[in-house]
Amino acid sequence: MADGRPPARPGQRKRDLRRTLLGGLALLLLAGLNAPAALSFAQAKYHAYKIAQPAYQARYGSWQRLEVPGKYRLNAIHAALLHTGKVLLIAGSGNSQAKFDAGSFDTVLWDPVRNSFKKIPTPEDFFCAGHSQLPDGRLLVAGGTARYEVLDGAVRKAGGGMRVKNESPDRAVTLRKGTVFRSPTGVEYVTTTAVTVPRAKREFKVTYFSGGGMKPWATKVTAAEARVFVEARKDGPEALTTQAAQYRVVGLKGADARNVYGIAQRISAEKQDFQGIRAAYEFDPLAERYVPVAPMKDARWYPTLVTLEDGRVLAVSGLNDVGDVVPGDNEIYDPRTKEWSKGPFHYFPTYPALFLTQGGKLFYTGSNAGYGPAEKGRVPGLWDLKANRFQPVRGIEDPDQLETSSSVILPPVQDQKLMVLGGGGVGESELSTPRTAVIDLGAATGSQGAGKAPGPAFRPGARLPQGTRYLSSVLLPDDTVFTTGGSRQYRGRGGSDILKAQFYLPRKDAFREAAAPTVGRDYHSEALLLPDGRIANFGSDPLFGDKDNTRLGTFEQRVEVYTPPYLLGRGGGHRPVLGAGPKELDPETYAATFRTEDARRIVSARLMRPSAVTHTTDVEQRSVALTLTRGPGTLTVRAPKDPTLVPPGWYMLFAVDKQGRPSVAKWVKVPAPERPTS
C-alpha cells in the first residue's frame, strides 16, 4: 500500500463497511432532526450575502451596527442633533429605578464624523423631559423625573397631593424635602421634594381726602399656594383619608407656624404615577454643557416643547409634581430673557404632537404618548394661540388608536400637509393600526362654492404593512419619508417588534420597501437624519424579552445607522458638493450664495431643521424648499421669508441632483425676526 499499511482482511473490510454505514445513517438522522436549524442558518447566510450586494443596496439601502465603547453605552431616551453636527443622547436615569435612587444621570455626546463619544455631566434627571431647538443653536431641555411610579399592589405607604398655603404677604417660604406635615389626629406625612410657596397677595384700597391727599391701606390678603407630594411616615390604614383637613408643618415657629400650613383631601394607597420637575436648562453645543435657566411654573414629565415663529418655545402638558396631567396650564419660554410666562390654556394628553403651521397656528395631529383619559384631549385640531381657539378636526380612521402614532409635516413644508402613521389604543391596549392619514391645510385655505373656504379634513393614506406602534419617521432631503421599526403590541409584547423599514413617497401616496433593520425598536426609541444624509437609530425598551412574555426585557443600547439608496450608487457619479458660503441667510432677502462646480447638476435644495426626538414625538423636523439661482461656479438659494414656515435657528442645507442624491449638508442659520423689546 502506498501508505505502508498492510491490506485489510475480508472480515475487517466488512466491519469497516458496517461502521461507515452506521456512521452515515447517524449523520443523516442528526441532519434530519436539525433540519429547521440548518435551514434557518442557510437562509441567514444567504440573506447576509444578498443584502451585501451592490445592486441590492442601490435599491434598498443598507444598515450598519455602530461600535459603541462600553462606558458610553446608555439608555437613549432622547436624541437631538446639534448645529455642531454632534448628536446629544440623553438618558437621565434611563427608566432605571436603581439609577434614579442613586442620583446617577447620563448624557453622551456622539460625533458621527469621528465616531467619538463624550460623557456630559447631567445635573437633573432629564428622563422623559421635553426639548426644542433655540434660535442661537442651543437646545432647551425642560422637565424630567422627580419620582418614579409605584404600581397598584406595590404601594406600601399612603400618598397624595398636599396644597401648601402661605398667608404671609411679606416673605416666601421654602420647605425642604423631608418636611413633615401632621394631621389633626397626629398622623404624619413627609414631602418627597422641596417646595417653595410664594408670598401671599396683598390688595390695597386708596382713600382720598377732601384736601387732595390720599392714603393706601390694605383691605385683603389672599394666601399663596404651592403643591407637593407627601407620603405617610408609617405603613397602615390610619394614613388613608378622603376627608379634607388642615395639616400643621412640623418645625416651623413664630409667624411661619401661623401662616404656613397644608390642606389635603385624598391620601390613598392607589397607584402613584411618575412626577415631574420644573427644572429647565439650555445645552450649549460649543461649551458642551448644560446651563441652568429659570424653572417652569409647573412641573412637567412627558411634556412637548414646540418652537414658535418668533423663537420662543411653548411647553404643554406633562405630569405635574403630584403625578396628575397638567390640566391645561401651558407656558412660554423666551430665550432672550431666559424666563417663562403664562401661555394659552388648553388640555392635551402627554407628549402631544403639535406642529407650527403657516400663519402661526399649531396643528395637533392627535398623536401622543399616553397619559391622560381616553375621552379627553385626543381629538386632532387647529389651535389659534392668539385667540386661544381650538378647531377640532374629525374624520380620521381609527381615532381611538392615535396613542404612540407617528406624525410629520410632509416635505416640503410649503405644501402644508401633515401625516399620521400607525398608532395604538390608549394605555396597554393590544390594538394597533396600519392606518395612515394626510391632512392638507393648504387646500383648506382655498375657496369653494360661494367663496367659503372648506375646513381641514383628513383623507386616508397608503397603509403600513401591518398595525404599528412607536414607528420612527424621518424626513429626507429627496422629499421622501423614511419609516422604520415599531411593534404591533404595547412595548413589543409577544415578540411583536417589526423588523421592517420603508420609504413613503408623498407625491405618489405609496410606500416603497427599504432594507430591513436587524435591531427591534419600540418604546423609548429614536431616529434622526444626520448631516451626511444617513439616519441614526437609537434605543428601545421592550416590556418583555421573549414571545411568551415570561422574561423581562432589557433596554436596547445598540446603535444602527441606515444608508439610503441615494448614497449607494443611484445613477452613478458623485453626489453634489457645496463649497464656501455664508453661515447665515441674509436677514433682508433670506438668501445665501455658495461656490460649487455642480450648479448645473443641482435641481433642488432643502433646509432641514434638525431633530429633537423622544417617544415617537419629533415636532422640530421640517423640510423647506428653496428657490435656486445659478451663476458661474455659484448657486444662490433663497428661503421663504416667513417664520411660521421657517422658524429661526440652525438648519442643514442640502443640495440635491436629479438622481435624488444630496450633498453633505452645510449648516446655515436662519435669523430671528425683529421683536419688540418691551
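So, how was this worked out
Residues numbered from 1 in each chain as written. Predicted model: local features only at pLDDT ≥ 70, side-chain atom pairs only at ≥ 80, totals over all residues. Heavy atoms only, no water. Pairing = 2+ DSSP bridges. Helix = DSSP H or I, 4+ residues; strand = E, 2+ residues; numbered from the N terminus. Axes fitted to C-alpha atoms, helices over the stretch in contact; angles between N-to-C directions. Buried < 20%, exposed > 50% of the residue type's maximum accessible area, 1.4 Å probe, protein only. Polar contact = N/O pair within 3.5 Å; in protein donor to acceptor, adjacent residues only side chain to side chain. Contact = heavy atoms within 4.5 Å. Phe/Tyr/Trp six-rings, centres within 6.5 Å; stacked < 30°, edge-to-face > 60°. Lys NZ or Arg CZ within 6 Å of the ring centre and 35° of its normal. Core = buried A, V, L, I, M, F, W, Y, C linked by side-chain atoms within 4.5 Å. Salt bridge = Lys/Arg side-chain N within 4 Å of Asp/Glu carboxyl O.

Participant: What's the story with the sheet that holds strand E30 (residues 406-409) in this structure? I'm lost.
Facilitator: Strand pairing in a sheet is mediated by backbone hydrogen bonds. Such pairs are either parallel or antiparallel. The four strands are arranged E30-E31-E32-E33 in an open sheet whose pairing can be described as antiparallel. Strands at the two margins of the open sheet, each flanked by one partner only, are E30 and strand E33 (458-460). Strand after strand, the sheet turns through a mean of 25° between neighbouring axes, direction not considered. Relative to strand E32 (residues 436-440), strand E31 (residues 417-421) runs antiparallel, the two being bridged by five bridges. Within E32, the position partnered with Val420 by the bridge is Ala437.

Participant: Whenever I open this one, the side chain of Asp284 confuses me. Can you help?
Facilitator: With respect to the secondary-structure elements, Asp284 resides in strand E20 (residues 280-284). Overall, Asp284 belongs to the buried group, its relative accessible area being 13%. Looking at Asp284, its side chain comes within polar contact range of the side chain of Arg138, at 3.3 Å. Those residues in contact with Asp284, other than ones at most four positions away along the chain, are Arg138, Arg289 and Val291.

Participant: How should the packing of aromatic side chains be read in this particular structure?
Facilitator: One pair of aromatic rings is described through two measures. These are the centre distance and the angle between the planes. Overall, the coordinates contain 30 aromatic pairs when judged by the stated rule. Note on Phe348 and Phe390: the rings are 6.2 Å apart at their centroids and 75° apart in plane angle, and the pair reads as edge-to-face. Taken as a pair, Phe348 in the loop between strand E25 (339-342) and strand E26 (354-356) and Phe390 in strand E29 (residues 389-392) lie far apart in primary sequence, 42 residues in all. Against the face of Tyr347 rests Lys376, its NZ or CZ located 4.2 Å from the ring centre.

Participant: I tried to follow the nonpolar core on my own but got confused; where do I start?
Facilitator: Most often, soluble globular proteins have nonpolar side chains that are buried together. Judged by nonpolar contacts, the single largest core of 53 residues is most densely connected at Trp110, Phe482 and Phe538. Among residues more than four places away in sequence, those in contact with Phe482 are Trp63, Ser472, Ser473, Val474, Leu476, Ala501, Gln502, Phe503, Ala514, Ile535 and Tyr562. Within the second largest apolar cluster, 48 residues are counted, among which are Ala353, Leu354, Leu385 and Val646.

Participant: What is the right way to read the side chain of Thr436 from this model?
Facilitator: If you trace the backbone, Thr436 turns up in strand E32. On the basis of relative accessibility, which here comes to 1%, the residue Thr436 falls in the buried class. At 2.6 Å, the side chain of Thr436 forms a polar contact with the backbone oxygen of Ala462. Sequence-distant contacts of Thr436, that is, excluding residues within four places in its chain, are made with Met419, Val420, Leu421, Arg459, Pro460, Gly461, Ala462, Leu464 and Phe511.

Participant: Would you mind showing me how to read the environment of Ala516 here?
Facilitator: Its place among the elements puts Ala516 in the loop between strand E37 (510-514) and strand E38 (525-529). With relative accessibility at 34%, the residue Ala516 sits in the partly exposed group. When the C-alpha positions of Ala516 and Ile498 are compared, they lie 9.2 Å apart, and in sequence the two are 18 residues distant. When near neighbours in sequence (up to four residues on either side) are disregarded, Ala516 contacts Trp63 and Leu499.

Participant: Any chance you could explain the pairing of E38 here in plain terms?
Facilitator: Among the five residues that make up E38, five are buried, leaving the element largely enclosed by the rest of the structure. Alternating residues of E38 divide into Ser525, Ala527 and Leu529 and Glu526 and Leu528, and every residue in both groups is buried. Linking E38 to strand E39 (residues 535-539), which pair antiparallel, is a turn of five residues; within it Gly533 sits at a positive phi near 95°.

Participant: What am I meant to see in the pattern of salt bridges here?
Facilitator: The full count for this structure, using the stated rule, is 37 salt bridges. Between Glu288 and Lys86 there is a salt bridge, and its shortest N-O distance comes to 2.8 Å. In this pair, Glu288 is assigned in the loop between E20 and strand E21 (289-293) and Lys86 in the loop between strand E2 (78-81) and strand E3 (87-92), connecting sequence segments 202 residues apart. Under the relative-accessibility criterion, Lys86 is labelled partly exposed at 21%.

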